[in-house]
Amino acid sequence: ICSCMRQVRHLESQNEALDIFDDKVTMIDARQARGGGQRVTTLWLLDVMQAMVVKKGARFLVIDTWSRIHHPYESGKNEFQQEDEELQMLQDFAHEYGVSVYLVAHPRKPSGDFRSPPTEYDIAGSKAFVNNADDIWIIHRASKNDTSLFFKNSKVRNQQYGGSIGWLSFEFDADTRTLVAGRT
């Protein structure tokens, strides 16, 4: 966040943004759990999420990165069954507490042209994600040096309220330090 804050042109705006960020955002570092000898699992996350909702009034929870969560496979379950069960636990939590839960999942290594955007099926356990997600967004940049960013709304369970499926492209404008909508 620091590099983003440096780009704010007015010191007053920067201080205001930092105050809001400090007041409204709580970061939970999984290294704290691992440092204590715990494994970061979905059950551990649910406990932490419940504490954030009850004690701090959290309304939006972001889990970044899903692939770093330890998913102990129970005997007799395959990857899809395990992922499906864990994602359903997160959905149940979101519904019970009236919160939004966002998962950040990175695709497996590309098998073809790295410039081609990944699909929702390039995520490990993708079948479970596609079945359980209310929305799937894909953000892609062909390379670290590329100034283009592509955003795809790949799945929308309720299009009446959540928008439509499709691509948007953005170009980085160095003068304004912002992303500007381009053509798709």
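What this report covers is the structure whose coordinates are included nearby. (Residues numbered from 1 in each chain as written. Predicted model: local features only at pLDDT ≥ 70, side-chain atom pairs only at ≥ 80, totals over all residues. Heavy atoms only, no water.)

Considering the sheet that holds strand β3 (residues 135-140)
Picture the strands of a sheet paired through backbone hydrogen bonds; they go either parallel or antiparallel. On the basis of which strands lie adjacent, the open sheet formed by 4 strands has the order β3-β4-β5-β6 and antiparallel pairing. Edge strands, defined here as strands with exactly one partner in the open sheet, are β3 and β6 (178-181). Neighbour-to-neighbour, the strand axes of the sheet open up by a mean angle of 30°, direction not taken into account. Bridge analysis of β3 against strand β4 (residues 148-156) gives 6 bridges, and the strand direction is antiparallel. If you follow Ile138 over to β4, its bridge partner there is Lys152. (Pairing = 2+ DSSP bridges. Helix = DSSP H or I, 4+ residues; strand = E, 2+ residues; numbered from the N terminus. Axes fitted to C-alpha atoms, helices over the stretch in contact; angles between N-to-C directions.)

Some thoughts on the side chain of Glu83
For Glu83, the location among the structural elements is in helix α5 (residues 79-97). Classification of Glu83 as buried rests on a relative accessible area of 5%. Polar contacts involving the side chain of Glu83 include one to the side chain of Trp66, which spans 2.9 Å. For Glu83, the contacting residues outside a window of four places in its chain are Trp66, His71, Tyr73, Gly125, Ala128 and Phe129. (Buried < 20%, exposed > 50% of the residue type's maximum accessible area, 1.4 Å probe, protein only. Polar contact = N/O pair within 3.5 Å; in protein donor to acceptor, adjacent residues only side chain to side chain. Contact = heavy atoms within 4.5 Å.)

Remarks on the environment of Glu85
Along the chain, the position of Glu85 falls in helix α5. Residue class for Glu85 comes out partly exposed when judged on its relative accessible area of 29%. Taking the C-alpha atoms as reference points, Glu85 and Asn132, 47 residues apart in sequence, are found 9.7 Å from one another. Residues in contact with Glu85, not counting those within four places in the same chain, are Glu74 and Lys77.

Describing the nonpolar core
One finds Met49, Leu61, Ile63, Trp66, Leu90 and Phe93 to be the most contacted residues of the largest nonpolar core, which totals 21 residues. For this core, the elements supplying multiple residues, two or more each, are α4 (42-56), β1 (60-64), α5 and α6 (126-132). The dominant element in this core, judged by the number of residues it contributes, is α4, at 7 residues. For Leu90, the contacting residues outside a window of four places in its chain are Thr42, Leu46, Met49, Ile63, Trp66, Val101 and Leu103. (Core = buried A, V, L, I, M, F, W, Y, C linked by side-chain atoms within 4.5 Å.)

Quick look at the environment of Lys56
Mapped onto the fold, Lys56 is located in helix α4. Through-space distance from the C-alpha of Lys56 to that of Val25 is 9.8 Å; in sequence the pair is 31 residues apart.

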